[in-house]
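So the chains spell out like this:
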Amino acid sequence: MKLPLTYYGNPILRAKAKQVTAITDEIRAFVNDMLDTMRESSGLGIAAPQVGKSLAIFITAPPIEEEGNEFKQAPPQVFINPKLTEPSNELWIHSEACLSIPKVSGDVARPLEITVTWLDLDGKEYTKTFHGWAARVIMHENDHINGVLYIDRIPPEQRKAIEPQLRLIKKKY
Ligand SMILES: [Zn+2]
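### A short note on the nonpolar core
Okay, so step 1: Among the nonpolar cores identified, the biggest contains 34 residues, and Met34, Ile46, Ile57, Ile59, Ile101, Tyr150 and Ile151 are the most heavily contacted of them.
Okay, so step 2: For this core, the leading source of residues is helix H1 (residues 25-40), giving six residues.
Okay, so step 3: Sequence-distant contacts of methionine 34, defined by excluding residues within four places in its chain, comprise Leu3, Ile46, Ala47, Ala48, Val51, Ile57, Phe58 and Ile59.
Okay, so step 4: Core analysis: the second largest hydrophobic core is formed by 13 residues, Val116, Trp118, Ala135 and Ile138 among them.

So this is what it looks like as structure tokens:
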């Protein structure tokens, strides 16, 4: 079931999300709804605060490095209580957008690689290093569970240019 999205201006997007203490049937059903919401909104990822729950859960479905012009997404991956470590020194600048901030985008410099420790829906723990788009989407979604938005990380002149649109979004939603 698709859930209503939260939008820029909603305080839940600025809150630090709580850790998940038990992976219950309720959590599993919620993650399924997050998945439906991400798919129906054509997102590359989604974090729990974006659908109104301040919990440390996100899903990613990053683009797969393109061959030709076809746009493909990796199968969705669920991250519960993620911990990010060992960001690479090498940065990669690319444009980002967000389901919670419609119709704007901006350039964000992020480490090219990041290591993540997380739980899956069965409570199994993993640690893995991600690269490129997979790493970028993880860092964007992980920001959401820390109350950070990508627009906090864009160059000041870009932020200034989208300020009128941000005010509109705040008013509209
Ligand atoms: Zn976002």
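From this point on, the discussion continues.
### Focus: H1
Okay, so step 1: Along its 16 residues, H1 runs 23 Å from first to last C-alpha, staying within 8% of the 22 Å computed at 1.5 Å per residue.
Okay, so step 2: Ile27, Phe30, Val31, Asp33, Met34, Leu35, Thr37 and Met38 are the residues of H1 that are buried.
Okay, so step 3: In this fold, the buried residues of H1 make contact with strand S1 (45-47), strand S2 (57-60) and strand S3 (77-85).
Okay, so step 4: Positive backbone phi, approximately 55°, marks serine 42, located one or two places after H1.

### Remarks on unusual backbone geometry
Okay, so step 1: Located in the positive-phi region is serine 42, a residue other than glycine, with phi close to 55°.
Okay, so step 2: Mapped onto the fold, serine 42 is located in the loop between H1 and S1.
Okay, so step 3: Even without glycine at this site, lysine 103 takes up a positive phi of about 65°.
Okay, so step 4: On the secondary structure map, lysine 103 appears in strand S5 (residues 101-111).

### Regarding the side chain of histidine 140
Okay, so step 1: Position of histidine 140 relative to the elements: it lies in helix H2 (residues 132-145).
Okay, so step 2: Not counting the four nearest positions on each side in its chain, histidine 140 is found in contact with Glu96, Ala97, Cys98, Arg110 and Tyr150.

### Topic: the sheet that holds S2
Picture the strands of a sheet paired through backbone hydrogen bonds; they go either parallel or antiparallel.
Okay, so step 1: Taken together, the five strands give an open sheet; going across it, the order is S1-S2-S3-S6-S7, and neighbouring strands pair in antiparallel fashion. The two strands at the open ends of the sheet, each matched to only one other strand, are S1 and strand S7 (125-131). Strand-to-strand twist across the sheet, computed as the mean angle between neighbouring axes with direction ignored, equals 40°.
Okay, so step 2: By the bridge criterion, seven bridges tie strand S6 (residues 113-119) to S7 in an arrangement that is antiparallel.

### Details of the coordination of the zinc ion
Okay, so step 1: In this structure, Cys98 (SG), His140 (NE2) and His144 (NE2) serve as the protein donors to the zinc ion, at separations of 2.0 to 2.2 Å.
Okay, so step 2: Sequence positions of the residues that donate to the zinc ion give the spacing C-x41-H-x3-H. Placement of the pair is histidine 140 and histidine 144 together in helix H2, with a separation of four residues, close to one helical turn. Pair check on accessibility: histidine 140 and histidine 144 agree, each one buried.

Definitions and cut-offs
- Residues numbered from 1 in each chain as written.
- Predicted model: local features only at pLDDT ≥ 70, side-chain atom pairs only at ≥ 80, totals over all residues.
- Heavy atoms only, no water.
- Core = buried A, V, L, I, M, F, W, Y, C linked by side-chain atoms within 4.5 Å.
- Buried < 20%, exposed > 50% of the residue type's maximum accessible area, 1.4 Å probe, protein only.
- Helix = DSSP H or I, 4+ residues; strand = E, 2+ residues; numbered from the N terminus.
- Contact = heavy atoms within 4.5 Å.
- Expected span 1.5 Å × (residues − 1).
- Pairing = 2+ DSSP bridges.
- Axes fitted to C-alpha atoms, helices over the stretch in contact; angles between N-to-C directions.
- Donors = N, O, S within 2.8 Å, 3.2 Å for Na, K, Ca; no water.

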